[in-house]
Amino acid sequence: MYGMINRGLQEMVLAHHGETVWQSICEKAGAKDTIFVRMDTYPDSLTYNMVGAARAVLGAPVEELMRGFGKFWISYASKEGYGPLLDEAGDTLFEMLENLDDLHFRLGHVFPLYGTQKGFDKMMPPQFTVTDKTANRVLVHYRSKRDGLAPMVVGLIEGLAEHCGATVKVTQVAPKSAGADHDSLEVEIL
Amino acid sequence: MIPSKSKSSDSSAVHELLKELFPFTFVLDAAQRITDLGPLAERIFPTLRRSDLLLEHFEYRAPPVDNEFGSNSWYGKRPLTMSAKFAPQTTMKGQSYYDGAGSLYCLWWPVVSDHQALSSLGVRLRDLPPHNSLSDLLMVLRNSMLSIEDAQMLLDISRKKQDELAAANRKLVGETELVRARRAAEAASEAKSLFLSHMSHELRTPMNAISATRKLF
């Protein structure tokens, strides 16, 4: 994964818990470096280890951490200068959700492929499709080669809603972890 | 089957298509008057009117262009840069094509290096057609900026560490000199004691003999 993901995790922990907790998480995760270069690539296992370490240090369930990180990610990415990309994806939450694939397609073109040079996997963007759209409800189908990230997607959708000035209820209706071939999330604007 | 069109309707369709594909298009006549504008040009330059002379509002920056309409300096493969007189920070870059029938199509884009500059013109990324790579360029430039910021941060950390290391070295050297000085002082003190002890012995022995001899007298 890109260093920016790990840096986002670092920013979230620093914002809510401070430097000492962050150092404990890095130590527990066995991270050699505690400074991440945002455009560089790091093994996925490092990010997963840090999430696991954060669970142990903070005593919070992984799902809750991932959801919180997903929500934080939207404001963090905007702060880092990627806000216009989100705006490009649409004016409303539903428009943005419909254009998420397009957004990831574009990101795939503009992010360097250092990962492949370092022997890591190349960028593996997730896929999103939208069905059953009504005025205030939509079903988002999320497919990814990475497992266990659906709670983060819930947070991402909540963060996107906040970015658009909306409040939503996101429910995992058919989790992949329960045997479905992909994750389905019902998004309802309140 | 695609219906056949007359030449004039073809020309009109191409005209509209160019405006859609290049929404900053300016169409000029032989007097360099604006005869039409692309939708984005119209939106971000609301003071422009059709029939206005282009050079009332813009000036050529590079390369030099002669005013003879249809001359080589106007044609396609050379990029033209224009700046707006009413907003000197607004620069347009692109190419111009003469259609051979009295119209010059100036296919321009604003020159910007970050999203903020584009947004201050009133243009959002989604206003740009998908074939336009400006939004990708802005993303790449943004990524480069992040890399430069990270390089600067790592350099600052490296300098701080070097300073700390140099201070630790200075302290260590100072301590080493102190230890050396103390050892030298201790060695000198020991040498002095040894000397006094030897001298005491060397003096006392003959003095004892002298003292004993003196008693015989």
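Residues numbered from 1 in each chain as written. Chains lettered and ligands numbered in written order. Predicted model: local features only at pLDDT ≥ 70, side-chain atom pairs only at ≥ 80, totals over all residues. Heavy atoms only, no water.

**Let's talk about the overall build of chain B**
Within chain B one finds 5 helices and 6 strands. Ordered by position in the sequence, the α and β elements of chain B form the string α-β-β-α-α-β-β-β-β-α-α. Of all intrachain contacts in chain B linking residues separated by at least 6 positions in sequence, the fraction that spans at least 24 positions is 37%. (Helix = DSSP H or I, 4+ residues; strand = E, 2+ residues; numbered from the N terminus. Contact = heavy atoms within 4.5 Å.)

**Concerning the pairing of strand 6 (residues 104-110) of chain B**
Residues and elements named next belong to chain B. Extensive coverage of strand 6 is indicated by the burial of 7 of its 7 residues. Neither face of strand 6 is exposed, since L104, C106, W108 and P110 on one face and Y105, L107 and W109 on the opposite face are all buried. Here 3 bridges tie strand 1 (residues 26-28) to strand 6, and the two strands are oriented antiparallel to one another. Following the sheet pairing, L28 is matched in strand 6 by L104. Bridge analysis of strand 5 (residues 91-98) against strand 6 gives 7 bridges, and the strand direction is antiparallel. Note on strand 6: the bridge partner recorded for S96 is C106. (Buried < 20%, exposed > 50% of the residue type's maximum accessible area, 1.4 Å probe, protein only. Pairing = 2+ DSSP bridges.)

**Quick look at the pattern of salt bridges**
For the coordinates displayed, the defined rule picks out 16 salt bridges over all chains. Here R38 of chain A makes a salt bridge to E149 of chain B, at a shortest N to O gap of 3.3 Å. Taken together, the residues span two chains, with R38 of chain A in the loop between helix 2 (19-29) and helix 3 (44-58) and E149 of chain B in helix 5 (residues 134-216). The class of E149 of chain B is partly exposed, set by a relative accessible area of 35%. Linked through salt bridges whose partners overlap, the residues forming this network are R7, R38 and E80 of chain A together with E149 and D150 of chain B. (Salt bridge = Lys/Arg side-chain N within 4 Å of Asp/Glu carboxyl O.)

**Focus: the nonpolar core**
If you look at the biggest cluster of nonpolar residues, it comprises 90 residues, and the most contacted ones within it are Y82, L97 and V187 of chain A together with F26, L54 and F58 of chain B. With 11 residues, the top contributor of residues to this core is helix 4 (residues 62-88) of chain A. In terms of domain composition, this core takes at least three residues from each of domain 1 (3-58) and domain 2 (84-189) of chain A. In this structure F58 of chain B touches F26, F45, L48, M82, S83, A84, K85, F86 and M92 of chain B, once residues within four positions along its chain are discounted. (Core = buried A, V, L, I, M, F, W, Y, C linked by side-chain atoms within 4.5 Å. Domains from an automatic or database assignment.)

**Let's talk about a nonpolar patch on the surface**
The grouping of F195, L196, M199, L203, M207 and I210 of chain B at the surface amounts to a nonpolar patch, some 620 Å² of accessible area in total. In this structure, M207 of chain B sits in helix 5. (Patch = residues over 30% accessible without salt bridge, like charges linked within 9 Å, V, L, I, M, F, W, Y side chains within 5 Å. Areas by Shrake-Rupley, 256 points an atom, 1.4 Å probe, with all protein chains shown as cover.)

**Observations regarding the packing of helix 1 (residues 3-17) of chain A against helix 4 of chain A**
Residues and elements named next belong to chain A. Contact geometry for helix 1 and helix 4: axes closest at 9 Å, N-to-C directions at 110°. As judged from the angle between their axes, helix 1 and helix 4 are roughly perpendicular. On helix 4, the residues touching M4, I5, R7, G8, L9, E11 and M12 of helix 1 are L65, G68, F69, F72, W73, Y76, A77, K79, E80 and Y82. Partitioning the contact of helix 1 with helix 4 into residue classes produces 11 nonpolar, 2 polar and 4 charged. (Axes fitted to C-alpha atoms, helices over the stretch in contact; angles between N-to-C directions. Parallel < 35°, antiparallel > 145°, perpendicular 65-115°, else oblique. Nonpolar A, V, L, I, M, F, W, Y, C, P; charged D, E, K, R; others polar.)

**Remarks on the packing of helix 1 of chain A against helix 3 of chain A**
Residue and element names in this part refer to chain A. Interhelical geometry of helix 1 versus helix 3 gives an angle of 15° and a closest axis separation of 10 Å. In this view, helix 1 runs roughly parallel relative to helix 3, as classed from their interaxial angle. The two elements helix 1 and helix 3 cross, and the hand of that crossing is left-handed. Seen from helix 1, the contacting residues are I5, N6, L9 and H17; seen from helix 3, they are L46, T47, M50, V51 and L58. (Left-handed = near helix turned anticlockwise from the far one by under 90°.)

**What about the domain arrangement of chain A?**
Splitting chain A by domain gives domain 1 (3-58) and domain 2 (84-189). Of note, the centres of domain 1 of chain A and domain 2 of chain A, computed from C-alpha atoms alone, are 23 Å apart.

**Quick word on the interface of chain B and chain A**
Listed per partner, the contact involves 17 residues of chain B and 22 residues of chain A. Interface area, chain B with chain A, both sides summed: about 1700 Å², of which 56% is carbon and sulfur. Along the contact surface separating chain B from chain A lie 4 salt bridges. Connecting chain B to chain A are 7 residue pairs in polar contact (both at pLDDT 80 or more). At 13 residues, helix 5 of chain B tops the list of elements feeding residues into the side of chain B that touches chain A. Its residues assigned to classes, the side of chain B that touches chain A shows 7 nonpolar, 4 polar and 6 charged. (Buried area = accessible area lost by both parts, 1.4 Å probe. Polar contact = N/O pair within 3.5 Å; in protein donor to acceptor, adjacent residues only side chain to side chain.)

**Here's the deal with the packing of aromatic side chains**
For the coordinates displayed, the defined rule picks out 14 aromatic pairs over all chains. Relative to Y42 of chain A, the ring of F36 of chain A has its centre 5.3 Å away and its plane inclined at 85°; by these criteria the two rings are edge-to-face. For F36 of chain A, a relative accessible area of 1% translates into the label buried. Cluster of aromatic residues (ring-pair linked, three or more members): F26, F45, F58, F86 and W108 of chain B. (Phe/Tyr/Trp six-rings, centres within 6.5 Å; stacked < 30°, edge-to-face > 60°.)

**Here's the deal with the side chain of S144 of chain A**
Residues and elements named next belong to chain A. Among the secondary structure elements, S144 is positioned in the loop between strand 2 (137-143) and helix 8 (150-163). Overall, the relative accessible area of 17% leaves S144 in the buried class. Within the local environment of S144, its side chain forms a polar contact with the backbone nitrogen of R146, the two atoms lying 3.0 Å apart.

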